[in-house]
Amino acid sequence: MNYYSLNHQSPKVSFKEATILGQAPDKGLYYPEYLPVVDRQLLDGIESMTDIDIAFEVLKPYVAGSLNDEELYSIVEETVNFPIPLQPVAGSISSLELFHGPTLAFKDVGARFMSRCLGHFLKNEDREVTVLVATSGDTGGAVANGFYGVKNVNVVILYPKGRVSPVQEKQLTTLGKNITALEVDGTFDDCQKMVKQAFADADINQQKFLTSANSINVARWLPQQVYYFLAYKQWKQKEQNPVVCVPSGNFGNICAGLLAKVTGLPLGHFIAACNVNDIVSHYLQTQELKPKEATATLSNAMDVGNPSNFVRIIELFRQQFPDLKTSLSADTISDADTVATITKVYNESGYTLDPHGAVAYLALEKYLDQHPGERGFILETAHPVKFPEAVEAATGEKVAVPAVLEEMMTQNKVSIEINASFDALKSFLQGE
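Computed from a predicted structure; not experimentally measured. (Residues numbered from 1 in each chain as written. Predicted model: local features only at pLDDT ≥ 70, side-chain atom pairs only at ≥ 80, totals over all residues. Heavy atoms only, no water.)

Participant: Describe the pairing of strand β5 (residues 93-97), and please don't skip the residues or the numbers.
Facilitator: Burial runs high along β5: 5 of the 5 residues are buried. Bridge count for strand β4 (residues 86-90) against β5 is 4 bridges, and the pairing is antiparallel. Bridging across to β5, L86 finds its partner in L96. Pairing between β5 and strand β13 (residues 376-380): 5 bridges, direction parallel. Bridge pairing in β13 links I93 to G376. (Buried < 20%, exposed > 50% of the residue type's maximum accessible area, 1.4 Å probe, protein only. Helix = DSSP H or I, 4+ residues; strand = E, 2+ residues; numbered from the N terminus. Pairing = 2+ DSSP bridges.)

Below, the structure written as structure tokens:
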């Protein structure tokens with residue numbers, strides 16, 4: 001499998017090269033040169049397959065030529081080694097819980113897969129790679145955990161000061177070793193812009209070999225398809241394709257789900273659940289994709305004013321807006337409605353949503369009210385403990401801290417504060 005740049009000004013590369021480079025030299029995102037069709041036997045036998053075997057079969061065509069079967073299986077074994085249950089919540093809505101991994105967030109799958117791919121590709125190399133990543137919340141912790149101690153890889157994480165939760169901040173600032181956290185006095189979009197400028201800077205790239213661990217990297221983006229296959233494995237009403245509602249910020253997760261659907265996984269309509277950073281909601285109404293300054297919300301991982309992965313969704317539907325709009329709609333949910341949804345669902349069913357899951361739940365509930373007889377699931381992307389103030393205020397109950405976090409929360413935060421300018425990042429990377 002080769003990959004081409006969506007800017008169409010760079011040569012095609014292998015999965016290995018796309019993983020190492022992160023972004024094409026022309027600054028475009030990599031995209032597979034063809035879309036493999038999901039094997040009918042996989043779908044017919046999915047309920048009897050292990051999660052690892054499902055992930056292996058799904059990802060095999062995308063890594064062809066870069067990883068052999070044994071190498072891929074070994075990587076997948078270390079990636080999908082925690083449960084991803086589909087839990088009934090109420091009525092016609094279920095929740096796919098993606099927070100049972102080491103950092104209690106959906107990004108554990110992509111970060112673990114990418115870190116192991118990159119470690120494998122670099123194991124016989126002399127050079128060191130600097131993984132440069134911006135985070136609006138969960139990416140930082142997942143990447144830090146996934147790459148911790150990986151040989152020949154140094155990780156630099158930029159995060160917006162005061163805009164991530166206490167648990168999220170601890171997860172990316174307490175590991176040390178080959179992980180460095182830069183606390184940026186700005187927004188996530190500032191962090192993402194600085195990272196993109198670093199990839200484009202000749203001086204930095206002459207001195208350091210950079211790659212990205214954001215979902216712009218194919219090795220972070222593609223394994224997210226696995227969630228949707230595991231949801232389908234557990235979906236009881238196989239005669240009815242589920243509506244899928246995804247809390248969406250940078251749009252990598254929902255893009256992977258749409259990829260799974262387009263290539264043959266029997267899924268119904270997709271809903272992008274947005275907070276007030278509703279660039280895609282606006283696009284689907286007007287066909288105008290207009291980035292804007294990000295606004296801070298309770299669902300902070302979705303506070304993205306310029307979603308990088310949406311260009312892949314446009315490509316997935318061959319630039320045909322009517323086809324895209326048939327498969328995808330969007331809804332915008334306020335913070336007040338987010339809190340009210342957490343309260344309502346907890347009181348009615350005893351289920352505790354985090355703010356991102358609550359955004360998705362309300363968007364799906366509204367859609368199903370307009371489409372009686374349909375059923376669906378949300379992607380619950382983070383453990384409620386990551387957002388204790390909002391969740392505890394909404395439920396009136398203390399969120400229990402999982403054992404995996406107890407020791408970490410007692411450790412000291414170690415970060416380097418920088419202003420929201422590319423010059424500040426450049427000085428750090430060049431050791432000035």
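Additional details are given in the paragraphs that follow.
Participant: Tell me about the UniProt feature "domain: Tryptophan synthase beta chain-like PALP" (unreviewed entry) in the protein chain, and name the residues and values.
Facilitator: Under the present numbering, the feature "domain: Tryptophan synthase beta chain-like PALP" (unreviewed entry) in UniProt falls on residues 97-369. Structurally, residues 97-369 is divided into 48% helix and 15% strand, and its ends, taken at the C-alpha atoms, are 23 Å apart. (UniProt positions renumbered as here; feature names shortened; annotations may be inferred.)

Participant: Quick rundown of the nonpolar core? Include the residues and the values.
Facilitator: In this structure, Y3, F15, F113, F229, I313 and L328 are the most contacted members of the largest nonpolar core, which totals 100 residues. Leave out the neighbours within four places in its chain, and F113 touches F15, L59, V63, L72, I75, V76, T79, A219 and P223. Of all hydrophobic cores here, the second largest spans 23 residues; its members include I271, M302, V345 and Y367. (Core = buried A, V, L, I, M, F, W, Y, C linked by side-chain atoms within 4.5 Å. Contact = heavy atoms within 4.5 Å.)

Participant: Lay out unusual backbone geometry with the relevant residues and their values.
Facilitator: A positive phi is found at L104, a non-glycine position, where the angle reads about 60°. Given a relative accessible area of 5%, L104 falls into the buried group. Residues other than glycine seldom take positive phi values, yet R318 does so here, at roughly 55°. Secondary-structure assignment places R318 in the loop between α14 (310-316) and α15 (321-327).

Participant: Pulling in residues and values, what's your account of the UniProt feature "domain: Threonine synthase N-terminal" (unreviewed entry) in the protein chain?
Facilitator: In the numbering adopted here, UniProt assigns the feature "domain: Threonine synthase N-terminal" (unreviewed entry) to residues 2-79. End-to-end, the C-alpha atoms of residues 2-79 are 23 Å apart, and along that stretch the chain is 46% helix and 12% strand.

Participant: Tell me about helix α6 (residues 138-147), residues and numbers included.
Facilitator: Every α-helical turn comprises 3.6 residues, leaving residues that sit three or four positions apart pointing alike. For α6, the tally of buried residues reaches 9 of 10 residues, placing the bulk of the element in the interior. By the burial criterion, the buried members of α6 are D138, T139, G140, G141, A142, V143, A144, G146 and F147. In the stretch just after α6, G149 is the one whose phi turns positive, near 80°.

Participant: Provide a residue-level description of the pairing of strand β10 (residues 243-247), including the pertinent values.
Facilitator: Side-chain positions along a regular strand alternate between the two faces of the sheet. Buried residues dominate β10, accounting for 5 of its 5 residues. By the alternation rule, side chains of β10 split into V243, C245 and P247 and V244 and V246, which are all buried. As paired strands, β10 and β13 are joined by 3 bridges and run parallel to one another. Its bridge partner being in β13, V244 is matched across the sheet by F377. Relative to strand β11 (residues 270-274), β10 is paired through 4 bridges, and the arrangement is parallel. In the strand pairing of β11, V244 is matched with F270.

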